[in-house]
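# Summary of structural features
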Amino acid sequence: MIHSHSSAPPESVRTIPARGKQVLRIVGVLFMIAAIVSLVFGILGLLGIGLPDTFYLDNTIIEARTINANQDGVPMWTEESWENLQENLVIARTVLNDRASTQEQIDTARTNLRNAIDSMVPSEAFADMETAEFLPDGRTVSVFFMYLILLFVILGATGILGFVYSATIKKMHLLGVLGIISFIGVALLIILAVNTLGHEVFLAFLPFICLPIAHQVGVFLNNRKTSIIVTFSILMVMSLIALFPLYWIIRSSLMYLHEVPTMRFLPTNWVFSNYPRALERFHYFLYLRNTFIIAVPAVVLGTGTAILCAYSFARLKFRGKRLMFGLCIASMLLPPVVTLIPLFIMFTNFFGFNNTFWPLIIPWICGGGAFNIFLLRQFFLTLPKELDEAAMIDGAGRLRILVQILLPSMKPAIMVVGIFIFMLIWNDLLTQMVYLHDESLHTMAMGLRVFSGSYGTEWHLTMVATVLSIIPGLVIYIVGQKYLVEGIVMTGMKN
């Protein structure tokens, strides 16, 4: 009698889905072609011959546009050097737009424009400035072509390994990681291309991003266990989109005013001096102090009273509890602007709290907000009542049970409430403008609003003030984000 033993084939020899294998092989070939093209353009660009010479002229024209004629209304350059630059800039544009231009004419136009940039002479008002800090160095094109050679290595490795390992499941995680690296590489290529050659080339380079995306699709079709890598790739793309406005603010804060409206992804010169200049007009530390004078007591009192209200609704039995809790939740449907005028009349006419911080602090004593009460109540309901009963048998009172037994288990929820209250106060411009009038009482939101209104034309300094105003809230979120996520996720689920 012959016994047949059937066993699953080893993972490395499992049947590979035909679609996934074909996708990886096709994309692998495309990656290798893109890598060769990247290498050829990189070498030609660094040698400065033939095809890419017009890129140098185009980039020199872009750099010439970034040289400002004046700063704060005062001419930066002598009239003669400025007119010489404009004359050579017109000639360069004409040569570039004329398809009949010879290579010699292109080289001559670029050389003359480059010389005009390098020979700019500061005016008397800016005689002491370091001219090199204001003039582009002309190296951006070389950096771009050097990056093309580096990209050749990334794309080539991804394409070769994708083609070779397209039928090996065990290598799918490796290919997924390579796909993420190639996606980052292509994204940087697009940024450098726009920064070097102008935003007109954005649509021409954008299709290259489809290669790493198709690569990840092939990885997923080959082995669905690699879905975590694909998911990470998608989240990375979404994160880059969400963080792009923040990056643009930081980028603009490190530029000269004339360069902010351009589509350059990186500053021609990194102007860190914008920060001390902005702090001369933007009273950052005064606004920060005033904001914390409001936020600290509001967070402490709002969180404390929200805990007491939530504990009462979750643990105590009293007549009308359901009605009161229903009214509390219903108050969330009432827009804050509806109660703004009645509260203003009460605080100013009856209590005389006009132009003080009290109207911004006292409302948080009244329960800490309906949503915060609801959130903490739901968390209280997840804690076993047996804890309370056991403590009562040992002689503990309700306050002691709350402080010593229940609150230590509610640390994430308490942190969530504290962060929510802080963020509401930090971003509350309307209410603060209603009650605070003196400049010495302005908060961060008010200071930023006044600064952007007074110096709205100086966008680089406005962006500096925006970056500075983001930092405290960002630090607090980073410190408490662990508890923020845990508190929201575990609400209503904890045993």
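Residues numbered from 1 in each chain as written. Predicted model: local features only at pLDDT ≥ 70, side-chain atom pairs only at ≥ 80, totals over all residues. Heavy atoms only, no water.

## Things to note about the side chain of Thr158
Looking at where Thr158 falls in the secondary structure, it is placed in helix α6 (residues 140-164). Reaching out from Thr158, the side chain makes a polar contact with the backbone oxygen of Ile154 at a distance of 2.8 Å. With residues up to four places along the chain from it excluded, the contact list for Thr158 reads Phe31, Leu178, Ser182 and His215. (Helix = DSSP H or I, 4+ residues; strand = E, 2+ residues; numbered from the N terminus. Polar contact = N/O pair within 3.5 Å; in protein donor to acceptor, adjacent residues only side chain to side chain. Contact = heavy atoms within 4.5 Å.)

## Let's talk about unusual backbone geometry
Positive phi is not limited to glycine here, since Asn355 has a value of about 60 degrees. Assignment of secondary structure puts Asn355 in the loop between α14 (336-350) and α15 (358-361).

## Focus: the pattern of salt bridges
Counted under the stated rule, the structure contains 2 salt bridges. Of the charged contacts, one joins Asp118 and Arg114 as a salt bridge, the two residues approaching to 3.3 Å between their closest N and O atoms. Of this pair, Asp118 and Arg114 both sit in helix α4 (residues 103-118), 4 residues apart, which is roughly one turn of the helix. Accessibility expressed as a relative area gives 12% for Arg114, which makes it buried. Among the ionic pairs, Asp388 bridges to Arg315, the shortest N-O distance being 3.0 Å. One end of the pair, Asp388, is in helix α17 (residues 385-393); the other, Arg315, is in helix α12 (residues 284-315), with 73 residues separating them in the sequence. As far as burial versus exposure is concerned, Asp388 and Arg315 are alike and both buried. (Salt bridge = Lys/Arg side-chain N within 4 Å of Asp/Glu carboxyl O. Buried < 20%, exposed > 50% of the residue type's maximum accessible area, 1.4 Å probe, protein only.)

## Here we look at the confidence of the model for the protein chain
Detail in the predicted coordinates should be disregarded across regions flagged by low pLDDT. The predicted model of the protein chain has a mean per-residue pLDDT of 82, with 87% of residues at 70 or higher. Below a pLDDT of 50 lies the segment residues 1-6, which in the model reaches 0 contacts outside its immediate sequence neighbourhood of four places, other chains included. (pLDDT = per-residue confidence, 0-100.)

## Considerations on the nonpolar core
Counting residues in hydrophobic clusters, the biggest one holds 60 residues, and the most contacted among them are Leu376, Phe380 and Met410. Considering every element that reaches this core, the biggest residue donor is α12, with 13 residues. Dropping the residues within four chain positions of it, Leu376 is found in contact with Ala306, Ile307, Ala310, Met410, Ala413, Ile414 and Val417. Ranked by size, the runner-up nonpolar core spans 27 residues in total, among them Leu151, Ile190, Met236 and Phe265. (Core = buried A, V, L, I, M, F, W, Y, C linked by side-chain atoms within 4.5 Å.)

## A closer look at the packing of aromatic side chains
One pass over the structure, following the stated rule, counts 21 aromatic pairs. Summarising the aromatic geometry, the rings of Phe292 and Phe422 are spaced 5.9 Å apart at their centres and angled 40 degrees between planes, so their arrangement reads as tilted. Note that Phe292 is positioned in helix α12 and Phe422 in helix α19 (residues 411-426), a separation of 130 residues in sequence. For Phe422, a relative accessible area of 6% gives the class buried. Relative to Phe318, the ring of Phe313 lies with its centre 6.5 Å away and its plane at 40 degrees, an arrangement referred to as tilted. You can call Phe318 partly exposed: its relative accessible area is 32%. Between the NZ or CZ atom of Arg25 and the centre of the ring of Phe163, over which it lies, the distance is 5.7 Å. The positively charged end of Arg377 is found above the aromatic ring belonging to Phe325, 4.2 Å away from the centroid. (Phe/Tyr/Trp six-rings, centres within 6.5 Å; stacked < 30°, edge-to-face > 60°. Lys NZ or Arg CZ within 6 Å of the ring centre and 35° of its normal.)

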